[in-house]
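Reading the structure
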Amino acid sequence: MNAPTSAPAFDHNLYAGCAAQIVSHTRELAAKGWTPATAGNFSIRMSADLAAITISGKDKGRLSEADIMVVDMDNRPVATHHRPSAETALHTHLYRRYPDVGAVLHTHSPTQTIAGLLYAPEGRVRLKGYELFKALRGHTTHEKTFDLPVVPNSQDMDELTASVDAVLSEPNTWGYLIAGHGLYAWGKDISEARRHLDAFEFMLGCELEMRRLRG
Ligand SMILES: [Zn+2]
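Residues numbered from 1 in each chain as written. Predicted model: local features only at pLDDT ≥ 70, side-chain atom pairs only at ≥ 80, totals over all residues. Heavy atoms only, no water.

Contact pair helix α1 (residues 12–31) / helix α5 (residues 190–214): the axes reach a minimum separation of 11 Å and the direction vectors enclose 15°. Looking at the two axes, α1 sits roughly parallel to α5. Where α1 crosses over α5, the two elements pack in a sense that is right-handed. Side by side, α1 and α5 meet where Q21, I22, H25, E28 and L29 of the first sit next to I190, R194 and L197 of the second. By residue class, the composition of the contact of α1 with α5 is four nonpolar, two polar and two charged. (Axes fitted to C-alpha atoms, helices over the stretch in contact; angles between N-to-C directions. Helix = DSSP H or I, 4+ residues; strand = E, 2+ residues; numbered from the N terminus. Parallel < 35°, antiparallel > 145°, perpendicular 65-115°, else oblique. Left-handed = near helix turned anticlockwise from the far one by under 90°. Contact = heavy atoms within 4.5 Å. Nonpolar A, V, L, I, M, F, W, Y, C, P; charged D, E, K, R; others polar.)

A few words now on the nonpolar core. Ranked by size, the top nonpolar core spans 66 residues in total, and within it Y176, W186 and F200 carry the most contacts. Among the elements that line this core, the one with the most residues is α5, at eight residues. Ignoring sequence-local partners within four residues, the contact set of W186 consists of L94, Y98, V101, A103, V104, L168, W174, G175, Y176, A193 and H196. (Core = buried A, V, L, I, M, F, W, Y, C linked by side-chain atoms within 4.5 Å. Buried < 20%, exposed > 50% of the residue type's maximum accessible area, 1.4 Å probe, protein only.)

With distances of 2.1 to 2.4 Å, the protein atoms coordinating the zinc ion are E87 (OE), H106 (NE2), H108 (NE2) and H181 (NE2). Its four donor atoms give the zinc ion angles of 88 to 150° at the centre, a pattern that matches the irregular case. Each donor residue of the zinc ion lies on one chain, and together they are spaced E-x18-H-x1-H-x72-H. Taken together, the residues H106 in strand β4 (residues 103–107) and H181 in the loop between β7 (175–178) and β8 (182–187) connect sequence positions 75 residues apart. A relative accessible area of 0% places H106 in the buried class. (Donors = N, O, S within 2.8 Å, 3.2 Å for Na, K, Ca; no water. Tetrahedral: all angles 85-135°; square planar, octahedral: opposite > 155°, others 65-115°.)

Turning next to unusual backbone geometry. A positive phi angle, close to 70°, is found at T38, a residue other than glycine. Given a relative accessible area of 34%, T38 falls into the partly exposed group. A positive phi angle, close to 70°, is found at N75, a residue other than glycine. One can find N75 in the loop between β3 (68–72) and α2 (88–97). Judged by its relative accessible area of 27%, N75 falls in the partly exposed class.

Turning next to the environment of T26. Among the secondary structure elements, T26 is positioned in helix α1. In this structure, the C-alpha to C-alpha distance between T26 and T111, residues 85 residues apart in sequence, is 18 Å.

Here the focus is the UniProt feature "binding site: Zn(2+)" (unreviewed entry) in the protein chain. Mapped onto this numbering, the UniProt entry annotates "binding site: Zn(2+)" (unreviewed entry) at H106 and H108. In contact with H106, not counting residues within four places along its chain, are G40, N41, F42, E87, H91, H181, G182, L183 and Y184. Summarising the element assignment, H108 is placed in the loop between β4 and α3 (110–119). Setting aside its immediate chain neighbours within four residues, H108 contacts W34, P36, A39, G40, E87, T113, H181 and G182. (UniProt positions renumbered as here; feature names shortened; annotations may be inferred.)

Let us now look at the side chain of E87. Tracing the backbone through its elements, the reader meets E87 in the loop between β3 and α2. Of note is the side chain of E87, whose polar atom sits 3.2 Å from the side chain of H181. Ignoring sequence-local partners within four residues, the contact set of E87 consists of N41, H106, H108, M157, H181 and Y184. (Polar contact = N/O pair within 3.5 Å; in protein donor to acceptor, adjacent residues only side chain to side chain.)

On any regular strand, side chains alternate: one points to one face of the sheet, the next to the other face. Side chains of β7 alternate between two faces, with G175 and L177 and Y176 and I178 buried alike. Sheet topology places strand β6 (residues 145–151) next to β7; two bridges connect them, and they run parallel. Residue pairing across strands places V151 opposite I178, the latter belonging to β7. Bridging between β7 and β8 involves four bridges; their strand directions are antiparallel. When the sheet's bridge partners are listed, L177 is paired in β8 with L183. In sequence, β7 turns back onto β8 through a hairpin of three residues, with G180 there showing a positive phi of about 70°. (Pairing = 2+ DSSP bridges.)

Next up, the structure:
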């Protein structure tokens, strides 16, 4: 494995474990078609100050552990020659804002991309009555509504981060859509983040289907 080696800035066993988990989930998500044209990025918190994250611009179906880099919470690369993706800032924003968040997954599935565009004017997708709410940590019943925030897309990461920060009022929101772009989902670890990602994808798919059936 071609792990960063220039400085003992972090625990390499911890890094290797995080990298293996990221690669495994990323390959599965790529196989679903949720990371077209190298899109998407995936991270795990290593400590209060560091996260392991996919490097920029790689086919997510063909990642190896050498394609996972370490960044600090100010998006600076740590002990690596790799360049972080611009969207690293959205990952570290969640780690800084929520100390118990341990993993962040970002995908660009067709369902997420379309739902983001369709619901952007409302600034949210209002989900109602889904049994799958119970897949989201802290939610125990289908008898409720759940607003998944939708923010406008931007190539200016400061602007995009500020838009996200403004809509994340609830600690257990677990996700947001970016219009025409994709979904961010997170959790206490990568398994929980994945469960949240899968639950949102399913419910968004149902919403789009219901819209289509209603005509
Ligand atoms: Zn993206």
